[in-house]
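Here are the chains, one letter per residue:
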Amino acid sequence: IIDHGSGYHTLLSGMSRLDTEVGQWLLSGEPLGVMGRAEPANTLYIEFRRNGMPINIMPWIAQNRDKESG
């Protein structure tokens, strides 16, 4: 679980190895761990939460789609 502050959290599950520790501060883009071999059973689960409740991020993605640059 990653605490982003202001009540926002990201829940990640399915990695075969974590390279972080509880309470560790992370930089943007810093690797958290490693996924296992590409098999049907190895799936990364991501859930975004605000104040402990799951949220749908699709409106944020759709809103920012035109603002991205490559």
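Computed from a predicted structure; not experimentally measured.

Asks: Can you help me understand the sheet that holds strand β6 (residues 53-54) in this one?
Replies: On the basis of which strands lie adjacent, the open sheet formed by four strands has the order β1-β2-β5-β6 and antiparallel pairing. The strands lining the two open edges of the sheet, one partner per strand, are β1 (2-5) and β6. Where β1 meets strand β2 (residues 8-13), three bridges bridge the pair, whose relative direction is antiparallel. Note that in β2 the partner of Gly 5 across the bridge is Tyr 8.

Asks: Just checking my understanding: could you explain the pattern of salt bridges for this structure?
Replies: Pairing between side chains of opposite charge can happen when the charged atoms of each approach one another. One pass over the full model with this rule turns up two salt bridges. Across the salt bridge formed by Arg 17 and Asp 19, the nearest N and O atoms sit 2.8 Å from each other. Where Glu 47 meets Arg 49, a salt bridge forms, and the shortest distance between an N and an O atom there is 2.4 Å. Residue classification places Arg 49 among the partly exposed residues on the basis of a relative accessible area of 29%.

Asks: Can you help me understand unusual backbone geometry in this one?
Replies: Most peptide bonds adopt trans geometry, and most residues besides glycine take a negative phi value. Backbone geometry at Ser 6 places phi at a positive 55 degrees, although glycine is not the residue there. Here Ser 6 shows up in the loop between β1 and β2. Classification of Ser 6 by relative accessible area gives exposed; the value is 68%. At Asn 51, a residue that is not glycine, the phi angle is positive and equals roughly 55 degrees. Looking at where Asn 51 falls in the secondary structure, it is placed in the loop between β5 (45-50) and β6. Classification of Asn 51 as exposed rests on a relative accessible area of 57%.

Asks: Is there a simple way to explain the layout of surface pockets in this structure?
Replies: One water molecule sets the probe size; rolling that probe over the atoms shows where empty space is left. Reported here for the largest pocket is a volume of approximately 570 Å³. Among the elements that line the lining of the largest pocket, the one with the most residues is β2, at four residues.

Asks: Where do I start with the side chain of Glu 47 in this structure?
Replies: By the element assignment, Glu 47 lies in strand β5. Here Arg 49 takes part through its side chain, which lies 2.4 Å from a polar atom of the side chain of Glu 47. Apart from residues lying up to four places away in sequence, Glu 47 is in contact with His 9, Thr 10, Leu 11 and Pro 54.

Criteria and cut-off values
- Residues numbered from 1 in each chain as written.
- Predicted model: local features only at pLDDT ≥ 70, side-chain atom pairs only at ≥ 80, totals over all residues.
- Heavy atoms only, no water.
- Pairing = 2+ DSSP bridges.
- Helix = DSSP H or I, 4+ residues; strand = E, 2+ residues; numbered from the N terminus.
- Salt bridge = Lys/Arg side-chain N within 4 Å of Asp/Glu carboxyl O.
- Buried < 20%, exposed > 50% of the residue type's maximum accessible area, 1.4 Å probe, protein only.
- 1 Å grid on protein atoms, 1.4 Å probe; cavity = no way out; pocket = protein on both sides within 12 Å on 5 of 7 lines; lining within 4 Å.
- Points joined across faces, edges and corners; volume = space filled by probe spheres on them.
- Polar contact = N/O pair within 3.5 Å; in protein donor to acceptor, adjacent residues only side chain to side chain.
- Contact = heavy atoms within 4.5 Å.

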